[in-house]
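If you want the building blocks of each chain, they are given just below.
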Amino acid sequence: MIETKPIDGKAFAANLRARIAEQVADLVRTRGVTPGLAVVLVGEDPASQVYVRNKAAQTLEAGMASFEHKLPADTAEADLLALVARLNADPAVNGILVQLPLPGHIDSTKVLAAIEPAKDVDGFHVVNAGRLAVGLDALVPCTPLGCVMLLKHHLGNLSGLKAVVVGRSNIVGKPAAQLLLKEDCTVTIAHSRTRDLPGECRQADILVAAVGRPEMVRGDWIKPGATVIDVGINRVPKEDGKTRLVGDVAYGEAQGIAGLITPVPGGVGPMTIACLLQNTLTATRRQNGL
Ligand SMILES: NC(=O)C1=CN([C@@H]2O[C@H](COP(=O)(O)OP(=O)(O)OC[C@H]3O[C@@H](n4cnc5c(N)ncnc54)[C@H](OP(=O)(O)O)[C@@H]3O)[C@@H](O)[C@H]2O)C=CC1
Ligand SMILES: Nc1nc(=O)c2c([nH]1)NC[C@@H]1CN(c3ccc(C(=O)N[C@@H](CCC(=O)O)C(=O)O)cc3)C=[N+]21
Ligand SMILES: [Mg+2]
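It should be emphasised that the depicted structure is a prediction, and the values quoted were computed from it without experimental measurement.

Structural notes on the UniProt feature "domain: Tetrahydrofolate dehydrogenase/cyclohydrolase catalytic" (unreviewed entry) in the chain
Next up, step 1: In this numbering, the UniProt entry assigns the feature "domain: Tetrahydrofolate dehydrogenase/cyclohydrolase catalytic" (unreviewed entry) to residues 7-122.
Next up, step 2: End-to-end, the C-alpha atoms of residues 7-122 are 24 Å apart, and along that stretch the chain is 51% helix and 16% strand.

Some remarks on the packing of helix H1 (residues 9-31) against helix H6 (residues 142-155)
Next up, step 1: The interhelical angle for the contact between H1 and H6, taken along N-to-C directions, is 100°, at an axis separation of 11 Å. Classified by the angle between their axes, H1 and H6 sit roughly perpendicular to one another. Counted together, Gly9, Phe12 and Leu16 of H1 and Met149, Leu150 and His153 of H6 form the full contact between these two elements.
Next up, step 2: Residue composition of the contact of H1 with H6, by class: four nonpolar, two polar and no charged.

Considerations on the site of ligand 2
Next up, step 1: In the region of ligand 2, 16 residues are neighbours, and Val98, Leu100, Asp122, Pro265 and Gly266 sit closest.
Next up, step 2: The backbone of Val98 places a nitrogen or oxygen atom 2.8 Å from a nitrogen atom of ligand 2.
Next up, step 3: The separation between a nitrogen atom of ligand 2 and a polar main-chain atom of Leu100 is 2.8 Å.
Next up, step 4: Only strand E4 (95-98) and helix H10 (268-287) provide two or more residues apiece to the shell around ligand 2.
Next up, step 5: Per-class residue counts for the shell around ligand 2 are 10 nonpolar, four polar and two charged.
Next up, step 6: Both of domain 1 (33-119) and domain 2 (141-270) provide at least three residues apiece to the shell around ligand 2.

A closer look at the site of ligand 1
Next up, step 1: In the neighbourhood of ligand 1, 21 residues make up the surrounding shell, with Arg168, Ser169, Ser192, Arg213 and Thr272 lying closest.
Next up, step 2: Thr143 places a polar side-chain atom, nitrogen or oxygen, 3.4 Å from an oxygen atom of ligand 1.
Next up, step 3: The contact in question runs from an oxygen atom of ligand 1 to an N or O atom on the backbone of Ile233, over 3.1 Å.
Next up, step 4: In the complex, the protein chains occlude 70% of the 920 Å² of accessible area that ligand 1 would expose alone.
Next up, step 5: Among the elements that line the shell around ligand 1, the one with the most residues is H10, at three residues.
Next up, step 6: A per-class count over the shell around ligand 1 returns nine nonpolar, 10 polar and two charged.

Overview of unusual backbone geometry
Next up, step 1: A cis amide bond, omega 0°, links Leu100 with the succeeding residue Pro101.
Next up, step 2: Considering the arrangement of structural elements, one finds Pro101 in the loop between E4 and helix H4 (108-114).
Next up, step 3: Backbone torsion omega between Val264 and Pro265 reads -5°, so that peptide bond is classified as cis.
Next up, step 4: Backbone geometry places Asp196, a non-glycine residue, at a positive phi of 55°.
Next up, step 5: Looking at where Asp196 falls in the secondary structure, it is placed in the loop between strand E6 (186-190) and helix H8 (197-201).
Next up, step 6: Under the relative-accessibility criterion, Asp196 is labelled exposed at 53%.
Next up, step 7: At Glu215, a residue that is not glycine, the phi angle is positive and equals roughly 55°.
Next up, step 8: Summarising the element assignment, Glu215 is placed in the loop between strand E7 (206-209) and strand E8 (227-230).

Re the side chain of Thr280
Next up, step 1: Along the polypeptide, Thr280 turns up in helix H10.
Next up, step 2: We classify Thr280 as buried; its relative accessible area is 0%.
Next up, step 3: Within the structure, Thr280 has its side chain in polar contact with the backbone oxygen of Leu276 (distance 2.8 Å).

Reading the values: the criteria
- Residues numbered from 1 in each chain as written.
- Chains lettered and ligands numbered in written order.
- Predicted model: local features only at pLDDT ≥ 70, side-chain atom pairs only at ≥ 80, totals over all residues.
- Heavy atoms only, no water.
- UniProt positions renumbered as here; feature names shortened; annotations may be inferred.
- Helix = DSSP H or I, 4+ residues; strand = E, 2+ residues; numbered from the N terminus.
- Axes fitted to C-alpha atoms, helices over the stretch in contact; angles between N-to-C directions.
- Parallel < 35°, antiparallel > 145°, perpendicular 65-115°, else oblique.
- Contact = heavy atoms within 4.5 Å.
- Nonpolar A, V, L, I, M, F, W, Y, C, P; charged D, E, K, R; others polar.
- Near = heavy atom within 4 Å.
- Polar contact = N/O pair within 3.5 Å; in protein donor to acceptor, adjacent residues only side chain to side chain.
- Domains from an automatic or database assignment.
- Areas by Shrake-Rupley, 256 points an atom, 1.4 Å probe, with all protein chains shown as cover.
- Buried < 20%, exposed > 50% of the residue type's maximum accessible area, 1.4 Å probe, protein only.

Encoded structure:
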C-alpha cells in the first residue's frame, strides 16, 4: 500500500508570495519602481468577483499597486478595447489581466490580442504563446507555471518522466504540456476525443487533470506512485443547498494509489495567484530594463 501525500500548494504559494514581496520591496527601495497590476472584470459572475478580490488583496500584500476596473456586463467591446489601450499606455501599469470568461457579445480573442505582450501577465497573447512554443523568454500562463513549480519542488529533475496532460485549452492544458516538454518530460496531451483515456492516464508518472469535470479521473486511472496535479475547480451542490469545491480527480479514490496529489482547494489554485504576482514582477523588471 502506497502512502499518498498531499502537495500543500497553499503553503508553497504563501512562501512564494513572501519571497516576491521581498523582491518588490527591494525594487521600490533601490530603483523607486513599484510594480502595478491592473485587473479588468466585465460583469458580475460571483466566482470571478471572488478571484478578483483575492488577486487585489494579495497584490497589495506583496507591496504592488492594484488597479481594479469593474465594468457592467453590457459593456461594449469597443469600450473594453479602449480601456485596454489606456492600460497599455499607462506607465504605472506593468501587468494587465482581463478576467475570463467575458460576456458572449465580446470577442475574447480580440481583447487578448489588444493587450501589450510585455504587460500580458496571464501569458495568453499569441506572442507569448508563440515565444513559449519556440523556447524564447515569455510571460507564461500562471496556472501551468504554478503546476510545474510544485512538480519541480517535489520531484526535482523531471527529465525523462512520462507526463499526461488531460485537457488542451490555451490557458491550461496546452501551455502545461509546453512547460513539461521544456523540462524534458515525454508528454501526451489527451482530450475529449482521446481513445482509451484511462489507459493513457495509467502510463503517467505525472498526471495533470485540467478538464472541468468533477472527479472524472478515477483512482484506477492512476499509476501506483504517480504524481497527480489536479487543476480542476468545480463547484458542486451539497445536501444543504450550499456548494463545495471538487477537482477533476476523485481525490478519495486516489488515496493509497497516487504518490503525491494536489488537493482542491489548497493545491493549484493558490499557486495561480502567486504566479500572477511573479509574472507582474518579471514584467516590471523587463519593462525597466532590469
Ligand atoms: N486552479 C486554477 O487556478 C485554475 C483552474 N481552472 C480549472 O481547470 C479546469 C479546466 O479549465 P480550462 O482548461 O479553462 O477548461 P476548458 O473547458 O477550456 O478545457 C477543457 C479541456 O478538457 C477536455 N475535456 C472535456 N471533457 C473531456 C472528457 N470527457 N475527456 C477528456 N477530455 C475532456 C476538453 O477537450 P476538447 O478540447 O476536445 O473539447 C478541453 O480540452 C476547470 O475546472 C477550470 O475551472 C482553470 C484555470 C485556472
Ligand atoms: N484572465 C484570467 N486569468 C486567470 O488566471 C483566470 C481567469 N481569467 N478566469 C478564471 C480562472 C480560474 N482561476 C483561479 C484562480 C485562483 C483560484 C484559487 O485561488 N483557488 C483557491 C480557492 C478557491 C475557492 O475557495 O474558491 C484554491 O483552489 O484553493 C482558483 C481559480 C484563475 N483564472
Ligand atoms: Mg492567470
